[in-house]
Amino acid sequence: MKFNTKTIHGGQHDVDPAYGAVMPPIYQVSTYSQSTPGGHKGFEYSRSGNPTRAALERALASIENGQYGLAFGSGLAAIDAVIKTLQPGDEVISTNDLYGGTYRLFTQVFEGFGIKFHFIGMENAENIEDYINENTRMIWVETPTNPMMNIIDIKACAEVAKKHEVLLAVDNTFATPYLQQPLDLGADIIMHSATKYLGGHSDVVMGALVVNDKALAEKLYFIQNASGAICGPQDSFLMLRGLKTLHVRMQRHCENGKAVAEYLANHPKIEAVYWPGLPSHPNHEVAKAQMKDFGGMISFVTKGNDYEEAIKIVEKLKVFTLAESLGGVESLAGHPASMTHASIPKEEREKTGVVDSLIRLSVGIEDAEDLVADLKQAIG
Ligand code: P1T
């Protein structure tokens, strides 16, 4: 099956043996009858497994070209499960530009349990080798990064990971499998904040993992069940509904992203535009090689790096809504320094470019002309 068919049919055979419904029913149930202890029909308790969630988990595995999918109550719950496969004393090498909540989970929760994180620039994958030692267990990559839109060469990272026998985990939230498929490029774990493009309608908070290795899948399933950070059947249904239009939504996000990025790049008041589709982007060639297109996430700074001006712009926008999150059909604007990345100390975030005047756009699927006109009236 090709990708656009998989988003609709992947893992969705025979979802309703009783009546042949084409969407899986919402099994709003916590428990299942047993004829004798252990004598059940595949499900015994909904933390351990639920038919609606199972249909979603098969769909997630299918669109990422993986064998096993797991769905969680949020993206951070999915990351939490991955890091719980490690032990005190283990080390992780992570992208230095990443979602503020991931940084907070790593530094303020897991460092307290004795796991060490190195945050480094990975645009050159050879940098990673400098930080590998006998305690290294995992490389954590976000690409494109949030919010600076750096592109990291997944294949090159996978080669380093294989050479040193450590796992490579890729947060594929910004790209989605429509644009890049990290397992095919050699990654071991794909993670998603499914809240974003996979759901696509700003109505569900959810996380996802996809892996190919059976032993790793079993470890993650054990943690999913033991720690219990699952998503409910209603949210699983909404996520499945969202997934079915992922490819058509992504195509429009990319088209509108291009129109907005080009408008901003030619604006005399704009200092820098971070979008991997611009030939001036420092990792444009890697993006061209590993991504099908360049997505709808764009960050920019105005000339003079003026905090007050950035705040005025986001307040003036009318079609773009000032809000956290991204990846929905509606366009959003955010101010990372005070919103999504406020949990990263100022001196740390400024090292990677997350300055007080940075604005992040999640370009939706409205008419591009309206989006550009909105930016025009807000920037002046
Ligand atoms: O919000 P949650 O579903 O728990 O996912 C966390 C997360 C993980 N990874 C990336 C790349 C993310 O962007 C996020 C969440 N990000 C936002 C809420 C945001 O506005 O950037």
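Residues numbered from 1 in each chain as written. Predicted model: local features only at pLDDT ≥ 70, side-chain atom pairs only at ≥ 80, totals over all residues. Heavy atoms only, no water.

A.B. asks: Any details on the packing of helix α3 (residues 75-83) against helix α4 (residues 100-110)? Residues and values, ideally.
C.D. replies: It is the contact of α3 with α4, at a shortest axis distance of 10 Å, that shows an interaxial angle of 40°. For the element pair α3 / α4, the angle class is oblique. Read as a crossing pair, α3 and α4 show a hand that is right-handed. Contact with α3, carried on its side by L76, I79, D80 and I83, involves G101, T102, R104, L105, F106 and F110 of α4 and no other residues of that element. For the contact of α3 with α4, a count of residues per class yields six nonpolar, two polar and two charged. (Axes fitted to C-alpha atoms, helices over the stretch in contact; angles between N-to-C directions. Helix = DSSP H or I, 4+ residues; strand = E, 2+ residues; numbered from the N terminus. Parallel < 35°, antiparallel > 145°, perpendicular 65-115°, else oblique. Left-handed = near helix turned anticlockwise from the far one by under 90°. Contact = heavy atoms within 4.5 Å. Nonpolar A, V, L, I, M, F, W, Y, C, P; charged D, E, K, R; others polar.)

A.B. asks: Outline the sheet that holds strand β10 (residues 321-322), supporting the account with residue identities and numerical values.
C.D. replies: With mixed pairing, the five strands of this open sheet are ordered in space as β8-β9-β12-β11-β10. With one partner strand each, in any of the chains shown, β8 (270-274) and β10 form the two edges of the open sheet. Here β10 pairs with strand β11 (residues 332-334) via two bridges, running parallel. Paired with L322 across the two strands is A333, which belongs to β11. Each of β9 (297-302), β10, β11 and β12 (359-362) is contacted by helix α12 (residues 307-316), which is oriented at about 25° to β12, the strand it contacts most. (Pairing = 2+ DSSP bridges.)

A.B. asks: Talk me through the domain arrangement of the chain; I want residue IDs and the actual numbers.
C.D. replies: The assigned domain composition of the chain is domain 1 (3-243) and domain 2 (246-379). Each of domain 1 and domain 2 has a C-alpha centre, and the two are 26 Å apart. For the pairing of domain 1 and domain 2, the buried interface totals around 3,400 Å² over both sides, and the portion due to carbon and sulfur atoms is 63%. Counting across the domain 1 and domain 2 interface gives zero salt bridges. There are 17 residue pairs in polar contact (both at pLDDT 80 or more) connecting domain 1 and domain 2. Counting only elements with at least two residues in the side of domain 1 that touches domain 2, the list comes to α1 (3-9), α4, α6 (154-163), α7 (176-179) and α9 (233-243). (Domains from an automatic or database assignment. Buried area = accessible area lost by both parts, 1.4 Å probe. Salt bridge = Lys/Arg side-chain N within 4 Å of Asp/Glu carboxyl O. Polar contact = N/O pair within 3.5 Å; in protein donor to acceptor, adjacent residues only side chain to side chain.)

A.B. asks: Give a detailed account of the pairing of strand β5 (residues 167-171), specifying residues and quantitative values.
C.D. replies: Within β5, four of the five residues are buried, which leaves the element mostly enclosed by the surrounding structure. Bridge count between strand β4 (residues 136-142) and β5: five bridges; the pairing is parallel. For V141, the partnering residue across the bridge sits in β5 and is V170. Alignment of β5 against strand β6 (residues 189-193), held across three bridges, turns out to be parallel. Within the sheet, the bridge partner assigned to A169 lies in β6 and is I189. (Buried < 20%, exposed > 50% of the residue type's maximum accessible area, 1.4 Å probe, protein only.)

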